Amino acid sequence: MTEHTVTFVGTGEEITVSEKETILSRCIEEGIAQEYSCRVGMCLACSAEIVEGSVTQPAARGLTDRERENYALTCMARPQSDLKLDRGKYPPSIEGDVTPEDGDPTPADD
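Residues numbered from 1 in each chain as written. Predicted model: local features only at pLDDT ≥ 70, side-chain atom pairs only at ≥ 80, totals over all residues. Heavy atoms only, no water.

**What to know about the pairing of strand S7 (residues 83-87)**
No. 1: For S7, a buried count of four out of five residues is recorded, marking the element as mostly surrounded by other parts of the structure.
No. 2: Note that strand S1 (residues 3-8) and S7 share three bridges and pair parallel. For valine 6, the partnering residue across the bridge sits in S7 and is leucine 83.
No. 3: Across four bridges, the pairing between strand S3 (residues 47-52) and S7 is antiparallel. Paired with alanine 48 across the strands is arginine 87, a residue of S7. (Buried < 20%, exposed > 50% of the residue type's maximum accessible area, 1.4 Å probe, protein only. Helix = DSSP H or I, 4+ residues; strand = E, 2+ residues; numbered from the N terminus. Pairing = 2+ DSSP bridges.)

**Comments concerning the pattern of salt bridges**
No. 1: Following the criterion strictly, the structure yields six salt bridges and no others.
No. 2: Measuring nitrogen to oxygen at the nearest pair gives 2.8 Å for the salt bridge that ties arginine 26 to glutamate 29. With arginine 26 and glutamate 29 both in helix H1 (residues 23-30) and three residues apart, this pair spans about one turn of that helix.
No. 3: Of the charged contacts, one joins arginine 26 and glutamate 30 as a salt bridge, the two residues approaching to 3.5 Å between their closest N and O atoms. (Salt bridge = Lys/Arg side-chain N within 4 Å of Asp/Glu carboxyl O.)

**Focus: the pairing of S1**
No. 1: Of the pairings in the sheet, the one linking S1 to strand S2 (residues 14-18) comprises five bridges and is antiparallel in character. Within S2, the position partnered with threonine 7 by the bridge is glutamate 14.
No. 2: The antiparallel pairing of S1 with S2 creates a hairpin that spans five residues between the two strands, and glycine 10 there sits at a positive phi of about 95 degrees.

**Description of the environment of glutamate 52**
No. 1: By the secondary structure assignment, glutamate 52 is in strand S3.
No. 2: Overall, the relative accessible area of 44% leaves glutamate 52 in the partly exposed class.
No. 3: Along the backbone, glutamate 52 and leucine 85 are 33 residues apart, and their C-alpha atoms lie at a distance of 7.1 Å.
No. 4: Each residue touching glutamate 52, except ones within four places of it in the same chain, is listed here: Asp82, Leu83 and Lys84. (Contact = heavy atoms within 4.5 Å.)

**A short note on H1**
No. 1: All of the buried residues in H1 are Ile23, Leu24, Ser25, Arg26 and Cys27.
No. 2: Close packing links the buried residues of H1 with S1, S2, strand S4 (55-56), strand S6 (78-79) and S7.
No. 3: A positive backbone phi angle near 75 degrees is found at glycine 31, which sits one or two residues after H1.

**Description of the environment of valine 40**
No. 1: Within the element layout of this structure, valine 40 appears in the loop between H1 and S3.
No. 2: Here valine 40 falls in the partly exposed class, since its relative accessible area comes to 39%.
No. 3: In the structure, valine 40 is positioned 21 residues away from arginine 61 in sequence and 8.2 Å away in space, judged by C-alpha atoms.
No. 4: What valine 40 contacts, discounting residues up to four positions off in sequence, is Ala59, Arg61, Cys75 and Met76.

**As for the packing of aromatic side chains**
No. 1: By the definition in use, this model includes zero aromatic pairs.
No. 2: Here the basic side chain of arginine 39 rests over the ring of tyrosine 36, its NZ or CZ set 5.3 Å away from the ring centre.
No. 3: Of note, arginine 87 hangs over the ring of phenylalanine 8, and the distance from its end group to the ring centre comes to 4.3 Å. (Phe/Tyr/Trp six-rings, centres within 6.5 Å; stacked < 30°, edge-to-face > 60°. Lys NZ or Arg CZ within 6 Å of the ring centre and 35° of its normal.)

Next up, the structure:
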């Protein structure tokens, strides 16, 4: 079983996570305070910016295809390499900053 080191930027916390488990499940086991809510990849509460490394997260339905390249939903994300994550960073779609040229849905008009 392949394991990778996940380091959280800003706190220096570090955990070892196998490719077969989610980052959130390991955080909970290790007593690391990772925010979460739904645990099914929809609410974005557990979002983290991927500073370095890669994850697989096919069930992260709350992210667009483009956002999956730069953000991890820790409840769904499984490491594919050593990682550096910045917790509490949310993708542009949650802020309503998505533009039509991004190729992603545009936010509703106010």
